[in-house]
Amino acid sequence: MSQKKIAFIGTGMMGSSIVKHLLKAGFEVTVYNRTKEKANPLIELGALWADTPALASENKDIIFTMVGFPKDVEDVYFGEKGIFQRAKVGAIVVDMTTSQPSLAKKIYEAAKDKGINSLDAPVSGGDIGARNGTLSIMVGGDEEVYKEMLPIFELFGSNIVYHGEAGAGQHAKMCNQLLVTTNIIGVCECIAYGMKAGLDLDKVLQSVSTGAASSWSLTNLGPRILKGDLDPGFYIKHFIKDMKIALEEAEKMELDLPGLKLAKEMYETLLEKGYGEYGTQALIKYYHI
């Protein structure tokens with residue numbers, strides 16, 4: 001597998017960590033990012049640079065994408081300088097962006113017409129999981145392609161699950177985001193209440209983090225909140241995008257999700273106040289403490 005040539009499009013906070021794992025495993029990796037400066041540390045580690053997604057994809061065996069919004073996914077696959085302009089027959093494209101299930105299906109069908117294999121494989125675990133190689137990866141597409149990619153996914157993921165046909169990975173990621181949205185509300189309200197009650201918040205987290213209330217958000221974001229660390233492991237602006245996708249999909253299924261609606265309203269309030277570039281734990285600011 002290490003002889004396969006890889007392109008990675010979107011070297012942001014999480015993408016850059018994944019590329020490092022691929023380089024460490026001995027792969028030749030060509031990268032593209034809208035802002036080249038963000039890719040410079042990877043180039044210094046041995047990654048190659050391409051000026052467009054199309055050029056990055058040329059003669060590559062595997063092409064990963066991890067960008068911001070569905071419109072960005074559309075552009076890097078279908079645009080004039082996009083992947084499908086140069087990707088070779090037999091290549092595998094893997095979109096790791098959290099995006100629309102319908103777009104995953106569109107990419108799958110377009111890839112199939114070109115003799116290209118496609119997987120949607122969004123991830124969970126944030127910047128910490130990406131750095132540590134412990135991401136949860138939710139995969140949709142053809143199972144035989146998933147099995148072929150599994151050894152590579154295992155380089156940066158520790159919980160890798162095949163969910164079914166194209167779009168299934170994105171639906172699974174929506175389930176993940178639904179849990180995260182209301183969970184982070186609980187974490188922030190726990191801290192806000194404990195602070196108002198005059199408790200030692202470190203001791204509060206110690207007490208509640210191993211019982212029925214334990215969660216990834218509590219363990220990883222709770223301590224950040226106490227330190228005043230609101231730097232992004234995952235941007236609020238991207239989280240709102242995910243919530244909008246989930247609500248759109250729920251509406252199609254005639255499913256009402258009041259918890260998700262509340263979380264979206266709360267985060268949109270923070271977005272209006274300029275917190276879009278902060279991490280999701282910045283929800284604590286909603287409580288004015």
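Rules behind the numbers
- Residues numbered from 1 in each chain as written.
- Predicted model: local features only at pLDDT ≥ 70, side-chain atom pairs only at ≥ 80, totals over all residues.
- Heavy atoms only, no water.
- Domains from an automatic or database assignment.
- Contact = heavy atoms within 4.5 Å.
- Buried area = accessible area lost by both parts, 1.4 Å probe.
- Salt bridge = Lys/Arg side-chain N within 4 Å of Asp/Glu carboxyl O.
- Polar contact = N/O pair within 3.5 Å; in protein donor to acceptor, adjacent residues only side chain to side chain.
- Helix = DSSP H or I, 4+ residues; strand = E, 2+ residues; numbered from the N terminus.
- Phe/Tyr/Trp six-rings, centres within 6.5 Å; stacked < 30°, edge-to-face > 60°.
- Buried < 20%, exposed > 50% of the residue type's maximum accessible area, 1.4 Å probe, protein only.
- Axes fitted to C-alpha atoms, helices over the stretch in contact; angles between N-to-C directions.
- Parallel < 35°, antiparallel > 145°, perpendicular 65-115°, else oblique.
- Nonpolar A, V, L, I, M, F, W, Y, C, P; charged D, E, K, R; others polar.
- UniProt positions renumbered as here; feature names shortened; annotations may be inferred.
- Pairing = 2+ DSSP bridges.
- Right-handed = clockwise from strand over helix to strand, strands pointing away.

### Here's the deal with the domain arrangement of the protein chain
Structurally, the protein chain comprises domain 1 (6–165) and domain 2 (171–286). Of note, the centres of domain 1 and domain 2, computed from C-alpha atoms alone, are 27 Å apart. The partner domain 2 presents 19 residues to the 19 residues of domain 1 that form the contact. For the pairing of domain 1 and domain 2, the buried interface totals around 1,500 Å² over both sides, and the portion due to carbon and sulfur atoms is 63%. Our count for the contact surface shared by domain 1 and domain 2 stands at one salt bridge. Across the salt bridge formed by Asp-127 and Arg-224, the nearest N and O atoms sit 3.2 Å from each other. At the surface where domain 1 touches domain 2, the tally comes to six residue pairs in polar contact (both at pLDDT 80 or more). For the side of domain 1 that touches domain 2, the elements supplying multiple residues, two or more each, are α5 (101–113), β7 (123–124) and α6 (126–132).

### Quick look at the packing of aromatic side chains
Taken as a whole and judged by the stated rule, the model has eleven aromatic pairs. Plain terms: the ring middles of Tyr-286 and Tyr-287 are 5.6 Å apart, the flat faces sit at 70 degrees to each other, and that makes the pair edge-to-face. Look at Tyr-287 and you get buried, because its relative accessible area is 19%. Here the aromatic cluster, defined as three or more aromatic residues joined through ring pairs, consists of Phe-8, Phe-64, Phe-153 and Phe-156.

### Section: the packing of helix α4 (residues 70–78) against α5
The axes of two packed helices give the description: the angle between them and the distance between them. Axis separation between α4 and α5 bottoms out at 11 Å; the angle between their running directions is 5 degrees. By the angle between their directions, the pair α4 and α5 is classed as roughly parallel. Where α4 approaches α5, its residues Pro-70, Val-73, Glu-74, Tyr-77 and Phe-78 are matched on the opposing element by Leu-103, Lys-106, Ile-107 and Ala-110. Looking at side-chain class alone, the contact of α4 with α5 contains seven nonpolar, no polar and two charged residues.

### Observations concerning the pattern of salt bridges
If charged atoms from side chains of opposite charge come close, those side chains can pair. All told, the structure shown has twelve salt bridges when counted by the stated rule. Asp-72 is paired through a salt bridge with Arg-34; the nearest N and O atoms lie 3.5 Å apart. On the criterion of sequence distance, the pair formed by Asp-72 in helix α4 and Arg-34 in the loop between β2 (28–32) and α2 (40–44) is long-range, its members being 38 residues apart. Using a relative accessible area of 11% as the deciding quantity, one classes Asp-72 as buried. Across the pair Lys-106 and Glu-74 runs a salt bridge whose closest N-O atoms are separated by 3.2 Å. Here Glu-74 lies in helix α4 and Lys-106 lies in helix α5, a separation of 32 residues in the sequence. Exposure remark for Glu-74: the relative accessible area of 29% places this residue in the partly exposed category. Linked through salt bridges whose partners overlap, the residues forming this network are Arg-34, Lys-71 and Asp-72.

### Structural notes on the UniProt feature "active site" (unreviewed entry) in the protein chain
Per the UniProt annotation, the sites labelled "active site" (unreviewed entry) are Lys-173. Residues contacting Lys-173, with those up to four places away along its chain left out, are Thr-98, Pro-122, Val-123, Ser-124 and Met-138.

### Quick look at the pairing of strand β5 (residues 92–95)
Neither face of β5 is exposed, since Ile-92 and Val-94 on one face and Val-93 and Asp-95 on the opposite face are all buried. Summarising the sheet, strand β4 (residues 62–65) and β5 pair through four bridges and their orientation is parallel. Among the inter-strand pairings, Thr-65 is bridged to a residue of β5, identified as Asp-95. The β-α-β motif built from β4, the intervening α4 and the parallel element β5 has right-handed crossover chirality. As defined by bridge partners, β5 adjoins strand β6 (residues 117–120) across four bridges and the pair is classed as parallel. Note that in β6 the partner of Asp-95 across the bridge is Asp-120. Taken together, β5, α5 and β6 form a β-α-β motif whose crossover is right-handed.

### Focus on the environment of Asp-61
Here Asp-61 is to be found in the loop between α3 (53–57) and β4. Taking C-alpha positions, Asp-61 is 18 Å from Asp-51, a pair spaced ten residues apart along the chain. Residues in contact with Asp-61, not counting those within four places in the same chain, are Gln-3, Lys-4, Lys-5, Lys-88, Ala-91 and Ile-92. Within polar-contact distance, the side chain of Asp-61 engages the side chain of Lys-88 at 2.9 Å.

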